[in-house]
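# Structural features, examined
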Amino acid sequence: MSTSKPQRSPSEIEDIILRKILYVTLADSATDPRVVYLEMTAAEILSEGKPLLLSRDLMERVLIDRLSGNNNFPSSSAAEPPFPYLIGCYRRAYDESKKIQSMKDKNLRSEMETVTRDARRLAVSYCRIHLANPELFGGSDDARKAKKRRNVSPLLPLIFSEVGSGSLDMFGGGGGSSGGVQSPPGFLDEFFKDSDFDNLDLILKELYEDLRSSVINVSVLGDFQPPLRALKYLVSLPVGAKSLVSHEWWVPRGAYMNGRAMELTSILGPFFHISALPDNTLFKSQPDVGQQCFSGASERRPADLLSSFSTIKNFMNILYSGLHDVLMILLKSTDTRECVLQFLSEVINANASRAHIQVDPVSCASSGMFCNLSAVMLRLCEPFLDPHFTKRDKIDPKYAFAGHRLKLSDLTALHASSEEVSEWIDKGNTAKANDAGNGNESRLLQSKEATSSSSSSQQNAKSTTKYTFICECFFMTARVLNLGLLKALSDFKHLSQDISRGEDNLATLKAMRDQAPSPQLELDITRMEKELELYSQEKLCHEAQILRDGDFIQRAISFYRLVIVWLVGLVGGFKMPLPSACPMEFSCMPEHFVEDAMELLIFASRIPKALDGVLLDDFMNFIIMFMASPEYIRNPYLRAKMVEVLNCWMPRSSGSSATSTLFEGHQLSLEYLVRNLLKLYVDIEFTGSHTQFYDKFNIRHNIAELLEYLWQVPSHRNAWRRIAKEEEKGVYLNFLNFLVNDSIFLLDESLNKILEIKQIEAEMSNTAEWEQRPAQERQDRTRLFHSQENIVRIDMKLANEDVTMLAFTSEEITAPFLLPEMVERVANMLNYFLLQLVGPQRKSLSLKDPEKYEFRPRQLLKQIVRIYVNLARGDSENIFPSAISSDGRSYNEQLFDAGADVLRRIGEDGRIIQEFMELGTKAKAAASEAMDAEAALGEIPDEFLDPIQCTLMRDPVILPSSKTTVDRAIIQRHLLSDNHDPFNRAHLTSDMLIPDIELKARIDEFVRTHQSKKRSSGEDSSNKERIQTTSSDMLID
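Residues numbered from 1 in each chain as written. Predicted model: local features only at pLDDT ≥ 70, side-chain atom pairs only at ≥ 80, totals over all residues. Heavy atoms only, no water.

Next up on the list: the overall build of the protein chain. Secondary structure assignment for the protein chain yields 44 helices and 5 strands. Counting only residues that meet the buried cut, the protein chain has 49% of its 1037 residues in that class. A fraction of 76% describes how many contacts in the protein chain between residues 6 or more apart in sequence connect residues 24 or more apart. Accessible surface, the protein chain: about 48,800 Å² in total, of which carbon and sulfur atoms supply 49%. (Helix = DSSP H or I, 4+ residues; strand = E, 2+ residues; numbered from the N terminus. Buried < 20%, exposed > 50% of the residue type's maximum accessible area, 1.4 Å probe, protein only. Contact = heavy atoms within 4.5 Å. Areas by Shrake-Rupley, 256 points an atom, 1.4 Å probe, with all protein chains shown as cover.)

Okay, the packing of helix α15 (residues 302-332) against helix α17 (residues 367-381) next. For the pair α15 and α17, the least separation of the axes is 9 Å and the interaxial angle reads 55°. When the axes of α15 and α17 are compared, the pair comes out oblique. Our pair here, α15 against α17, has a crossing hand that is right-handed. Residues M316, N317, L319, Y320, S321, L323, H324, L327, M328 and L331 of α15 form the contact with α17, whose participating residues are N372, A375, V376, R379 and L380. (Axes fitted to C-alpha atoms, helices over the stretch in contact; angles between N-to-C directions. Parallel < 35°, antiparallel > 145°, perpendicular 65-115°, else oblique. Left-handed = near helix turned anticlockwise from the far one by under 90°.)

What the 3 strands build is an open sheet, ordered β4-β3-β5; its pairing is antiparallel. Bordering the open sheet on either side are β4 (965-967) and β5 (994-995), each of which pairs with just one other strand. Pairing analysis gives 3 bridges linking strand β3 (residues 956-958) to β4, with the strands arranged antiparallel. Of the residues in β4, the one forming a bridge with I958 is T965. Packed onto the sheet, helix α43 (residues 968-977) meets β3, β4 and β5 and runs at close to 85° relative to β4. (Pairing = 2+ DSSP bridges.)

With that settled, consider the packing of aromatic side chains. Under the criterion given, the structure shown has 35 aromatic pairs. Ring geometry for F559 against Y560: centres 5.5 Å apart, planes inclined by 75°, an arrangement best described as edge-to-face. Here F559 falls in the buried class, since its relative accessible area comes to 0%. When the ring centre of F191 is taken as origin, the NZ or CZ atom of R128, which lies over that ring, is 5.7 Å away. Positioned over the ring face of F283 is R260, at 3.8 Å from the centre of the ring. (Phe/Tyr/Trp six-rings, centres within 6.5 Å; stacked < 30°, edge-to-face > 60°. Lys NZ or Arg CZ within 6 Å of the ring centre and 35° of its normal.)

Within the largest apolar cluster, 295 residues are counted, with the highest numbers of intra-cluster contacts made by L155, F475 and W649. Leaving out residues up to four positions away in the same chain, F475 has contacts with I395, D396, P397, Y399, A400, L406, L408, W566, M589 and F593. (Core = buried A, V, L, I, M, F, W, Y, C linked by side-chain atoms within 4.5 Å.)

Turning to the environment of S363, a few remarks are in order. Tracing the sequence through the fold places S363 in the loop between α16 (337-350) and α17. A sequence separation of 101 residues divides S363 from M262, and the C-alpha atoms of the two residues are 9.5 Å apart. Excluding residues within four positions of it along the chain, S363 makes contact with N258, G259, R260 and A350. For S363, the side chain forms a polar contact with the side chain of D360, separated by 3.0 Å. (Polar contact = N/O pair within 3.5 Å; in protein donor to acceptor, adjacent residues only side chain to side chain.)

Here we come to the UniProt feature "coiled-coil region" (unreviewed entry) in the protein chain. UniProt feature "coiled-coil region" (unreviewed entry): in the numbering of this structure it lies at residues 518-545. Taken end to end, residues 518-545 comprises 96% helix and 0% strand; its first and last C-alpha atoms sit 41 Å apart. (UniProt positions renumbered as here; feature names shortened; annotations may be inferred.)

If you trace the backbone, P185 turns up in the loop between α7 (155-163) and α8 (187-191). Under the relative-accessibility criterion, P185 is labelled partly exposed at 43%. Considering only alpha carbons, one finds P185 and D95, 90 residues apart in sequence, at a separation of 9.9 Å. If we skip the residues at most four places from it in the chain, P185 touches Y90 and Y94.

For any part of a model where pLDDT is low, the fine detail of the predicted coordinates should not be relied upon. Looking at the protein chain, pLDDT values average 85 and 88% of them are 70 or higher. Ranking the helices and strands of the protein chain by mean pLDDT puts α17 first, with 97, and helix α21 (residues 456-460) last, with 39. Segment residues 1015-1037: pLDDT under 50, and 42 contacts once partners within four positions in sequence are set aside and those in other chains are kept. (pLDDT = per-residue confidence, 0-100.)

Before going further, it helps to examine the pattern of salt bridges. Counted under the stated rule, the structure contains 50 salt bridges. Linking E346 and R253 is a salt bridge whose minimum nitrogen-to-oxygen distance equals 3.2 Å. Separated by 93 residues along the polypeptide, E346 in helix α16 and R253 in the loop between α11 (238-245) and α12 (259-265) bring together distant segments of the chain. Classification of R253 as partly exposed rests on a relative accessible area of 42%. Here K679 ties to D683 by a salt bridge, and the two come within 3.2 Å at their closest N and O atoms. Of this pair, K679 and D683 both sit in helix α32 (residues 667-683), 4 residues apart, roughly one helical turn. In the salt-bridge network here, residues are joined through shared partners; they are E763, E769, R773, E777 and R781. (Salt bridge = Lys/Arg side-chain N within 4 Å of Asp/Glu carboxyl O.)

On to unusual backbone geometry. The linkage connecting Q286 with the following residue, P287, adopts the cis geometry, with an omega of -5°. Along the chain, the position of P287 falls in the loop between α13 (269-273) and α14 (289-294). Even without a glycine there, the phi angle at F389 is positive, about 50°. When you line up the elements, F389 lands in the loop between α17 and α18 (399-402). Phi at R985 is positive, roughly 65°, even though this residue is not glycine. Relative to the assigned elements, R985 resides in the loop between α43 and β5.

Take the environment of L547 next. Relative to the helices and strands, L547 resides in helix α24 (residues 519-547). Considered as a pair, L547 and P608 are 61 residues apart in the sequence and their alpha carbons are 9.8 Å apart. Excluding its chain neighbours within four sequence positions, the residues that come into contact with L547 are L489, F492, H542, F603 and I607.

Secondary-structure assignment places Q545 in helix α24. A polar atom in the side chain of Q545 sits 3.5 Å from the side chain of Y320.

Turning next to the side chain of Q836. Along the polypeptide, Q836 turns up in helix α38 (residues 820-838). Assessed through its relative accessible area of 16%, Q836 is described here as buried. If near-sequence neighbours (up to four positions away) are discounted, Q836 is found in contact with L751, R842 and L845.

Running from N to C, helix α35 (residues 731-765) and helix α37 (residues 775-810) point in directions that differ by 150°, and their axes come no closer than 7 Å. For the crossing formed where α35 meets α37, the hand is left-handed. For the contact of α35 with α37, the residue count by class is 21 nonpolar, 5 polar and 10 charged. (Nonpolar A, V, L, I, M, F, W, Y, C, P; charged D, E, K, R; others polar.)

Following this line, the structure appears as structure tokens:
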């Protein structure tokens, strides 16, 4: 006969549920070893006259007794430490709450739901208490020692399980009791919700310290993603954000705090250190990216390298996104925004010396940190980088000088000197103080009270002006990019140069080993190969993180477009001509704002597809406006860098026709580009640097290439002709003078070096004598030989460019060449070139491989002759033949015959040869006439002679400072290169010359009197030797 199951009372059901949740019992009948018999607790309850049933009223009391271990339960059952036990209670309470849903009695179900909810609440509450006071509840000594040894919050694995899976090996082992714990549903939300900040602050600070420790010295190939996700999760909690920025390691302080210390000790520093870029060996990260991805790169398949590039790029972007999200969460809250800006400014200021050429790795943060910071700051700027920069008016230029957070006023300014910057800032501060004194006393008192109670960063602030976040973000990003991305690009360039030099040195060492092997040479070769391998790995790491990340580069270009547009706004916008006075806001801006923009454009122009879709018109406008404006941008090297950018954009350089519209359809370009290039060509003669003489050739090389391209564009050629006419005695004449000077120097230097090269070649070809020389001497001579080869190659290339420019411009623009102050200089140059190419010394310049040295004598001769012919065609006053024949250094009437002979043999146009011969005939006649005239004048009085060249003055002028009388043409020729009085170095310009009318009248009378007495002597006035005729063994054959 069956009996019905007895109905349990609500109290009994509650007891059963709580026993399942808490794993305790008040009766000694437990068979499950996990269930603890609370004997003493049970006795106390009985003494109180209560039944031995667990209830909500007893729940907290029972839980405390279970956690404190006051019941002397067996050690085997106490193996589970407090935190895992409480997590288990929460999970079991959650599970029971699910089961309760099947109860049919609504009142009972509601009552039991309250029981499980209270159980979860208690579990969470005591988790907080335990984590904040780990010694409060008992536990085995072994458990306490294990916790102390790991020194990691047991809450962290739960957070990892919440935000995504991740290895726990980074914490020194994952085998602890909490290693496999998964966060029960809803536990973390309840843990961090509805609790007093003070209760959670200590727990959160410990979590942040654990996260920081987990990524120290971890590279981008390390397991950084779980800690990063956990950081983002904690920061997303209001209490977590507040705890983070109040941590003493948010912005570490100390007497010895520097950039590197801040990177290592701050909470966020180690996260920003995660990178693919190599760091100093003292701070090396693991896994080693260079070794793992790029060792033996020269022998790897391209597909393997591309795979490594892609992997690193993807991981870096995960890092960038995570760090951006963390900062963005903090910035959105008014409670934490100020602390973020404080952190960023402290990092920037502490690493100001990263801008130096040599960076101290011990005192400065790593390149990886600042590249990461660059990428994150660019993402923060995205909201105000819209195509039209509609929010740029929120950027206040006064921020740069207010000393609000960043120390920018000490940086080199675009034009103002440091004294001018300081004076201008002082004036602004004085004006502010005066304004504040007129009725703002109460506000000043409030400010003082606020300052006295503010944080240390606010105490250091030098300005009470409130700046928008956009303004602060703009200036901070510009500074971070200067210290980060642009510094890394500079490092990459130097690495490439080191590798190139190293490869040359290695080739030299191997060549020496082939000639005379030695153990030392083998050691040197091995050492050099290892160095090159490390350099190669480092270069590829830079390429992977930066150059291969097109989004990174394009974001940076977009930011610098904003910089350029904003700077132009300070001078009135994109229009020419510029205001006569440079506004101080522009003049005092940091120079690196513009320099960094130009450097980035140069790098990006050399990266395939990096400029695709980028709007370059604003950059083009800026370059045209300022490259020839020393009144706005003082540094000539910075203005020269603008030309380098344009060089990269020339269609034939960029390999793309997309940039051709910048030159051929751009309004400012058509109107001002040629003019400003010619002006910069002149300005660069005097840079103020001790290396200015040699620097100018490299800069003018870029200008010459650009001008040659523009000459092919009809609209620019028309502008060029117009400028030559308008500025015939101005900038164009100066340009022509320096072009001629450079041509003479470069060709002369090249030809002399060729003679030295031939001498060393002769020494080396005499093998017997060469081998007898000491090894060190041979090594020195070999190095000199290679050095001279490089010099000749560079100088000859530059000389060819200059002669080419003279040739094509003289075809259509002849008037400036034939001015009195210029014509003799041009004629002397042409005569000198002609003498070198077809004169008696030509054989000494023959080379085995002239093309190797960019020495193309046939082409050079044709161009020289074409310049002769072009000028002869434009010489309506017939002054050019006289200028040719008056050259006492290089002219010889036989040179024209010899030149014509060579031209016929190398296939020059017959009409050109004929005109060249006719010019030679005219020069010969002019020489004869000059000799007759000189003979007729007899002995010329000293007072009629120019003191510089000892020739008869035709237009005497008085120099206002030294009171010396000179010939106008001669002094004007001098002023083209040097605007100083040659006799006392006082400043002098052409308009300061004073005509000596009385002396000129006397000279004219002297000439007229002697010419009237002229007689025909019938004597042959030419006693010069006839030049050697050309033959088949000449230089040009």
